[in-house]
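# What the coordinates show
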Amino acid sequence: MHTGVNSLINMVYNQGTGTVIIMDNSTTGMTGHQDHAATGKTLDGREVPAVSIYKLCESIGVKNVTEVDVFDLERFEQVVKEEVAKDEVSVIIACGPCALLKGMKFPNKCVPVPEKCKKCGACLKPGCPALTKNEDGTISIDETMCNGCGLCKGLCKFGAIETVEK
């Protein structure tokens, strides 16, 4: 909702190609978590009609606009592969609330199951500060830092991370 909109308009207008991924995390993370036109709240907290990022992209001429839940990692990966293969402008709107938003709560916490761990490191890919690699290659999860988003669990194909209720 900031300077990237201008570039997207120029891509479409100049008949460029490429896939733009817009990360819709319900805040402005780059400058301090302010609301913006797509959140439906003004800077002083008043509720107003939100700008639809999807409809905005369509209105400037983007023919391929896809919204995808970032916590559905398999679907997100599939959509990225499909869209980058196209020879025109496409937009992927990666939707998922920022874990740092005030009031954002996940119902569970993630816990490791060391005996199931294959030491592949896939769970470490998001760079979550709650996860650390142990000397033996398994992982530890700092329960005071885990917000319970489940990204690490979603990446583990071996069931070595489980969720427990907070």
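The present account deals with the structure reproduced in this document. (Residues numbered from 1 in each chain as written. Predicted model: local features only at pLDDT ≥ 70, side-chain atom pairs only at ≥ 80, totals over all residues. Heavy atoms only, no water.)

### Quick word on the overall build of the chain
- Each helix and strand counted, the chain has four helices and seven strands in total.
- Taken from the N to the C terminus, the helices and strands of the chain come in the order α-β-α-β-α-β-β-β-β-α-β.
- Considering only residue pairs separated by 6 or more positions, the chain has 64% of its internal contacts joining residues 24 or more positions apart.
- As displayed, the chain has an accessible area near 10600 Å², and 53% of this comes from carbon and sulfur atoms. (Helix = DSSP H or I, 4+ residues; strand = E, 2+ residues; numbered from the N terminus. Contact = heavy atoms within 4.5 Å. Areas by Shrake-Rupley, 256 points an atom, 1.4 Å probe, with all protein chains shown as cover.)

### Quick look at the sheet that holds strand β1 (residues 18–24)
- The three strands are arranged β1-β3-β2 in an open sheet whose pairing can be described as parallel. The open sheet has two edge strands with one neighbour each: β1 and β2 (64–69). Direction aside, the axes of adjacent strands within the sheet are offset by 20 degrees on average.
- Where β2 lies against strand β3 (residues 89–95), six bridges are found, and the strand directions are parallel. Across the sheet, T66 pairs through a bridge with I92, a residue of β3.
- Lying on the sheet, helix α1 (residues 4–13) is in contact with β1 and β3; it crosses β3 at an angle near 150 degrees.
- Where helix α3 (residues 73–84) meets the sheet, its contacts fall on β1, β2 and β3, and the angle it forms with β2 comes to roughly 165 degrees. (Pairing = 2+ DSSP bridges. Axes fitted to C-alpha atoms, helices over the stretch in contact; angles between N-to-C directions.)

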